[in-house]
Amino acid sequence: MSSSTPLSGVNQPLRGIVLVVVATFLFASHDGLSKFLGGLYPIIMVVWARYVVHTLLMAGIFLPKAGVAVLRTRRPLLQTLRALSLLSTSLLFTAGLQYLPLAEATAVNFLAPVLVTALSVPLLKERVSVGQWVAVVLGFVGVLVVVHPGGAMFTPAILFPFGSALGFCFYQLLTRKLAAYDSPTTSNFYAGLCNTLVMTALVPFFWQVPHWTHVLLMLGLGGCGMTAHLLLTQAFRHAAPALLAPFSYCQIVFAGLLGWMVFGHTPDGVSLVGIAIICLSGLGAAWMQRKKA
């Protein structure tokens, strides 16, 4: 998920909360579509469709207003690294969904905020309190509880969502770094275009002619991702990030519901405990970051 610096005059918290909840539903729907399509087509093709649609929608929205200036960046190397971090997240998470339940994979992917806290020390030279380190440890304990012996997640495939969380962590750290140089629109457009070009170079080696109904689902995949990012950006214009952070975890709830309704999977009791621990660790890290700021 992406974030934006809140504007002055943030005074519509209810609207911000509604936008975040809708965005999390769209993100969960995006992941559900990725899981379904990934079972029918190569992962490269599914991720390519997601970025192509995303980039075309952004071009239609922003190019008529800003022109190619929207792609001008003061840090092209960092923007490229940020884009590739996001691409690694997309590829690893989509691959993991072919082996793991939707809710549990989503929960492990939500380790990203905790990893950001841990890696901000060596990479951004930030100071992390004892409480924040406790949140980091708690997050990993949550993953260990989810990946309990005999559970659906007790498999090497757990490395896919964990790798995805790590990639998303670097994406968030680079987003924070680039906020001083480029606008969120430039960063998001650059990432979409860069990843579209990379995946377009790879997709001919994995191409399969999709059924027309699956083409519609691929369009929906990109549409869900793009719309969710736009709603999330708008949400931060109406309410502070610290207020909205807890509601981002609605994505795990929606993922669980979609996993049950579409794929017939219900997390067991131990996995639910692990998911709750991961959520608490992320919320704790966000609260302490707000207190520190």
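Residues numbered from 1 in each chain as written. Predicted model: local features only at pLDDT ≥ 70, side-chain atom pairs only at ≥ 80, totals over all residues. Heavy atoms only, no water.

Novice: Any chance you could explain the overall build of the protein here in plain terms?
Specialist: A tally of helices and strands in the protein yields 12 helices and 0 strands. Walking the protein from its N terminus toward its C terminus, one meets helices and strands in the order α-α-α-α-α-α-α-α-α-α-α-α. Over its C-alpha atoms, taken along the principal directions, the protein stretches across nearly 45 × 45 × 35 Å. Evaluated residue by residue, the protein yields a buried proportion of 52% over its 293 residues. Taking all contacts inside the protein whose residues are at least 6 apart in sequence as the whole, residues at least 24 apart take part in 91%. For the protein, the exposed area adds up to about 13,600 Å²; of that, 73% sits on carbon and sulfur atoms. When the 16 positive and 5 negative side-chain charges of the protein are each reduced to one mean point, those points stand 15 Å apart. (Helix = DSSP H or I, 4+ residues; strand = E, 2+ residues; numbered from the N terminus. Buried < 20%, exposed > 50% of the residue type's maximum accessible area, 1.4 Å probe, protein only. Contact = heavy atoms within 4.5 Å. Areas by Shrake-Rupley, 256 points an atom, 1.4 Å probe, with all protein chains shown as cover. Lys, Arg positive; Asp, Glu negative; His and termini not counted. Charge placed at Lys NZ, Arg CZ, Asp CG, Glu CD.)

Novice: Hey, could you run me through the packing of helix 3 (residues 76-96) against helix 8 (residues 184-202) in this one?
Specialist: Describing two packed helices takes the angle between their axes plus the distance from one axis to the other. At their nearest, the axes of helix 3 and helix 8 sit 9 Å apart, and the two run at 65 degrees to each other. Note that helix 3 runs across helix 8; the crossing there is right-handed. For the pair formed by helix 3 and helix 8, the contact residues are Pro76, Gln79, Thr80, Arg82, Ala83, Leu84, Leu86, Leu87 and Leu91 on the first element and Ser187, Asn188, Tyr190, Ala191, Cys194, Asn195, Val198 and Met199 on the second. Residue composition of the contact of helix 3 with helix 8, by class: 11 nonpolar, 5 polar and 1 charged. (Axes fitted to C-alpha atoms, helices over the stretch in contact; angles between N-to-C directions. Left-handed = near helix turned anticlockwise from the far one by under 90°. Nonpolar A, V, L, I, M, F, W, Y, C, P; charged D, E, K, R; others polar.)

Novice: I tried to follow the side chain of Thr94 on my own but got confused; where do I start?
Specialist: Within the secondary structure, Thr94 is located in helix 3. The exposure class assigned to Thr94 is buried, which follows from its relative accessible area of 5%. Beyond its immediate chain neighbours, meaning those up to four positions away, Thr94 contacts Ser34, Ile43, Val46 and Val47.

Novice: Can you walk me through the environment of Phe189 in this structure?
Specialist: Counting through the fold element by element, Phe189 comes out in helix 8. A residue is classified by how much of its surface remains accessible, and Phe189, at 3% relative accessible area, is buried. Along the backbone, Phe189 and Met58 are 131 residues apart, and their C-alpha atoms lie at a distance of 6.6 Å. Apart from residues no more than four positions distant in its own chain, Phe189 is found in contact with Thr55, Met58, Ala59, Leu63, Val70 and Leu71.

Novice: Got a minute to help me understand a nonpolar patch on the surface in this structure?
Specialist: Together, Phe36, Leu40, Val253, Leu257, Trp260, Met261, Val262 and Phe263 line one region of the surface with nonpolar side chains, adding up to about 790 Å² of accessible area. The leading source of residues in the nonpolar patch is helix 11 (residues 250-263), at 6 residues. Inspection of the secondary structure assignment puts Met261 in helix 11. (Patch = residues over 30% accessible without salt bridge, like charges linked within 9 Å, V, L, I, M, F, W, Y side chains within 5 Å. Salt bridge = Lys/Arg side-chain N within 4 Å of Asp/Glu carboxyl O.)

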